[in-house]
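Now for the letters of each chain:
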Amino acid sequence: MPDSHAPEPGAAHHGSAADPTTLLLAGARLTDGRTVDVRLSGGRIQAVGTVGSLPAPSPSRVDLTGYLLLPAPAEPHAHGDTALTADTAGPVSYAVDEVQRRATEAALLQLGHGATAVRSHVRIGDVHGLTPLEAVLQARRSLRGLTDLTAVAVPRLLTGVAGADGRAMLRDALKMGAAVVGGCPDLDPDPTGFLEAVLELAAEHGCPVDLHTDGDDPARLARLAAMAGGLRPGVSIGPCGGLTRLPLDVVTRAADQLAAAGVRVTCLPQGDCAALERRGPRPAPVRLLRTGGVRVAAGSGALRDAGNPVGRGDPLEAAYLLASQGGLRPAEAYDTVSTEAREAMGLPEVRVEAGFPAELLAVRGDRIAGVLSLAYSRIVIHRGRVVARTSAVREYCDSAVAVALDLPRQGRMEPGP
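Not measured: the values here are computed from a predicted model.

S.K.: Would you explain the overall build of the protein in this entry?
M.R.: Scanning the protein from terminus to terminus reveals 12 helices and 16 strands. Counting only contacts in the protein whose residues sit at least 6 apart along the sequence, the fraction spanning at least 24 positions is 73%.

So, in structure tokens, the structure goes:
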């Protein structure tokens, strides 16, 4: 995928002899407590060393003093076609230019939060046909070099006479450029037949599967696990809020079956999405699923649409909620929006080590718990470039008390070009 050479935000200093693909991240703190310099080149992490140990011929330089450097989050469950429509007066427009604008703005909002890759579920069929997908694919092309956007084709019906058009349209969607087969088996008159159609088409095209389900039917989950076992490149389901309404022993058995089949779960801690046309009272029981061996990622779901009119699309908020309400430790919670999300999306692993992709997020703070609590200032790096920056400044009035207590505050960034 070719880069788009848009101007970089932030305080990067360029020397005349600099390799334009080289970037030095100076004085970053890692989760193990070390303070290091990190050199990026060619979209990858080239070296990690002690502060001042990585000389280079006038490289671009970003001062990360006071920042925690982390693998960047990824967004495994977005809805770019419906995003930002909560305040729309009258019917929502699905004209190509309107959907493209919404999908682009939503992806950039999520990029600003730190997500350098987004998987967007896009409804196809009904009166709009393939128009929303066409628009999201255009947004994907316009965002190259800033963020990686992939589309999930989400048909409504796939079985019976009424589902014939849906099956044909799903094939056309994959030919157009949809990378993932999706859908809502709960809403089809024949959920098992829906699963069979989706899995058959995914196997034929070598595509992953990402399905919406409430997860409140244990028999249906068991059939899914039996049918999906061994399918590569994999199956994800979510948001599975209905699992919280089932008895503990039933959920434990379902978790065992999903784990044995390699089926992943994507939960939505920030609120549900509108795709299922019903809402669970709580997100999926993440801790219980993880205990059963299920790989769990966390997504954002609705971003200011009918599913959640105040949705933020912020992966760090999702991690915060899993740590504050879901029973996960802060590092585990962050893992659901970074490592687990990237694996669910089929993306390469990221570590702050030499040789790994330069997909990184720097957040002001020194520990993950603090970052999840006060994640204001952020610097986002995609393919080795600074692509987004959010700088927050907290100031107190002229008070001797504030000075005497040395109250924590978001610092003002040093000026840069």
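S.K.: What's the story with the sheet that holds strand 9 (residues 180-183) in this structure? I'm lost.
M.R.: Note: strands within a sheet are paired through backbone hydrogen bonds, in either parallel or antiparallel orientation. The eight strands lie next to each other as 6-7-8-9-10-11-12-13, forming an open sheet whose pairing is parallel. One side of each edge strand has no neighbouring strand; the edge strands of this open sheet are strand 6 (75-78) and strand 13 (296-298). Each neighbouring strand pair of the sheet contributes to a mean axis angle of 25 degrees, computed without reference to strand direction. Taken together, the two bridges between strand 6 and strand 7 (residues 117-123) define a ladder with parallel strand orientation. Within the sheet, the bridge partner assigned to Ala78 lies in strand 7 and is Ser120.

S.K.: Which parts of the structure should I look at to understand the pattern of salt bridges?
M.R.: Side-chain pairs of opposite charge can arise whenever the charged atoms involved come near each other. Applying the stated criterion across every chain, the model contains 21 salt bridges. Close ionic contact of Arg264 with Glu340 constitutes a salt bridge, the shortest N to O distance being 3.3 Å. One end of the pair, Arg264, is in strand 12 (residues 264-267); the other, Glu340, is in helix 10 (residues 339-344), and 76 residues separate them in sequence. The exposure classification of Arg264 matches that of Glu340, with both residues buried. Connected via shared salt-bridge partners are Arg264, Arg295, Glu340 and Glu343.

S.K.: Would you explain the packing of aromatic side chains in this entry?
M.R.: Within a pair of aromatic rings, the relevant descriptors are the distance that separates the centres and the angle that separates the planes. This model, assessed by the stated rule, comprises zero aromatic pairs. Over the aromatic face of Tyr94 sits the side chain of Arg102, whose NZ or CZ is 5.3 Å from the ring centroid.

S.K.: How should the nonpolar core be read in this particular structure?
M.R.: For soluble globular proteins, the rule of thumb is that nonpolar side chains tend to be buried together. Membership of the largest hydrophobic core comes to 78 residues, with the highest contact counts inside it found for Leu133 and Ile237. Among the elements that make up this core, the one with the highest residue count is helix 4 (residues 191-205) (seven residues). Beyond its immediate chain neighbours, meaning those up to four positions away, Ile237 contacts Leu211, Thr213, Leu221, Leu224, Leu258, Val263, Arg264, Val265 and Thr266. One finds Val38, Val62, Phe356 and Val386 within the second-largest nonpolar core, a separate group that totals 21 residues.

S.K.: Explanation requested: the pairing of strand 3 (residues 44-50) in the structure shown.
M.R.: Residues in a regular strand project their side chains so that they alternate between the two faces of the sheet. Pairing geometry for strand 2 (residues 35-41) and strand 3, over six bridges, is antiparallel. Among the inter-strand pairings, Val36 is bridged to a residue of strand 3, identified as Thr50. Here strand 2 folds back onto strand 3 in antiparallel fashion, the turn holding two residues, of which Gly42 has a positive phi close to 60 degrees.

S.K.: Explain the packing of helix 3 (residues 163-176) against helix 4 here, please?
M.R.: Helix-helix packing is characterised by the crossing angle of the two axes and by the distance between the axes. Running from N to C, helix 3 and helix 4 cross one another at 30 degrees; their axes reach a closest spacing of 12 Å. Classified by the angle between their axes, helix 3 and helix 4 sit roughly parallel to one another. Between helix 3 and helix 4 lies a crossing of right-handed hand. Residues Leu170, Arg171 and Leu174 of helix 3 lie in contact with helix 4, whose contacting residues are Leu201, Glu204 and His205. Taken together, the residues of the contact of helix 3 with helix 4 break down into three nonpolar, one polar and two charged.

S.K.: Explanation requested: the pairing of strand 12 in the structure shown.
M.R.: Side chains Arg264 and Thr266 of strand 12 all project onto a buried face; the interleaved residues Val265 and Cys267 project onto the opposite face, where all are buried too. Pairing of strand 11 (residues 235-239) with strand 12, which is carried by two bridges, proceeds in the parallel orientation. If you follow Ser236 over to strand 12, its bridge partner there is Arg264. For the crossover that starts at strand 11, traverses helix 6 (residues 248-261) and ends in the parallel strand 12, the hand is right-handed. Of the pairings in the sheet, the one linking strand 12 to strand 13 comprises three bridges and is parallel in character. If you follow Thr266 over to strand 13, its bridge partner there is Ala297.

S.K.: Can you walk me through helix 2 (residues 131-142) in this structure?
M.R.: An α-helix turns once every 3.6 residues. As a result, residues three or four positions apart point the same way. Between its first and last C-alpha atoms helix 2 spans 17 Å; for 12 residues at 1.5 Å apiece the expected length is 16 Å, and the two agree. Listed as buried for helix 2 are Pro132, Leu133, Ala135, Val136, Leu137, Ala139 and Arg140. Considering only its buried residues, helix 2 is in contact with helix 1 (96-113), strand 7, strand 8 (148-154) and helix 3.

S.K.: Even after reading the chapter, I still don't get the environment of Cys240, so can you show me in this structure?
M.R.: Inspection of the secondary structure assignment puts Cys240 in the loop between strand 11 and helix 6. Taking relative accessible area as the criterion, Cys240 reaches 1% and is therefore assigned buried. Not counting chain neighbours up to four residues away, the residues in contact with Cys240 comprise Thr213, Asp214, Gly215, Val265, Ala284 and Pro285.

S.K.: Quick question: what am I supposed to make of the side chain of Thr266 here?
M.R.: Relative to the helices and strands, Thr266 resides in strand 12. Ignoring anything within four residues of it in the chain, the contact list for Thr266 reads Pro76, His77, Ser236, Ile237, Gly238, Pro239, Ala297, Ala298 and Gly299.

S.K.: Hey, could you run me through helix 3 in this one?
M.R.: Given a rise of 1.5 Å per residue, 14 residues ought to cover 20 Å, and the 20 Å separating the end C-alpha atoms of helix 3 matches this to within 8%. Among the residues of helix 3, Gly163, Gly166, Leu170, Ala173 and Leu174 are the ones counted as buried. For helix 3, the arc enclosing every buried residue in end-on projection is 95 degrees, short of the 170-degree limit, so these residues lie on one face. Of the exposed residues in helix 3, the ones pointing more than 90 degrees away from its buried face are Asp165 and Lys175. Residues of helix 3 that are buried sit in contact with helix 2, strand 8, strand 9 and helix 4. Looking one or two residues past helix 3, Gly177 carries a phi angle of roughly 140 degrees, positive in sign.

Quick notes on the rules
- Residues numbered from 1 in each chain as written.
- Predicted model: local features only at pLDDT ≥ 70, side-chain atom pairs only at ≥ 80, totals over all residues.
- Heavy atoms only, no water.
- Helix = DSSP H or I, 4+ residues; strand = E, 2+ residues; numbered from the N terminus.
- Contact = heavy atoms within 4.5 Å.
- Pairing = 2+ DSSP bridges.
- Axes fitted to C-alpha atoms, helices over the stretch in contact; angles between N-to-C directions.
- Salt bridge = Lys/Arg side-chain N within 4 Å of Asp/Glu carboxyl O.
- Buried < 20%, exposed > 50% of the residue type's maximum accessible area, 1.4 Å probe, protein only.
- Phe/Tyr/Trp six-rings, centres within 6.5 Å; stacked < 30°, edge-to-face > 60°.
- Lys NZ or Arg CZ within 6 Å of the ring centre and 35° of its normal.
- Core = buried A, V, L, I, M, F, W, Y, C linked by side-chain atoms within 4.5 Å.
- Parallel < 35°, antiparallel > 145°, perpendicular 65-115°, else oblique.
- Left-handed = near helix turned anticlockwise from the far one by under 90°.
- Nonpolar A, V, L, I, M, F, W, Y, C, P; charged D, E, K, R; others polar.
- Right-handed = clockwise from strand over helix to strand, strands pointing away.
- Expected span 1.5 Å × (residues − 1).
- Arc of directions from axis to C-beta.

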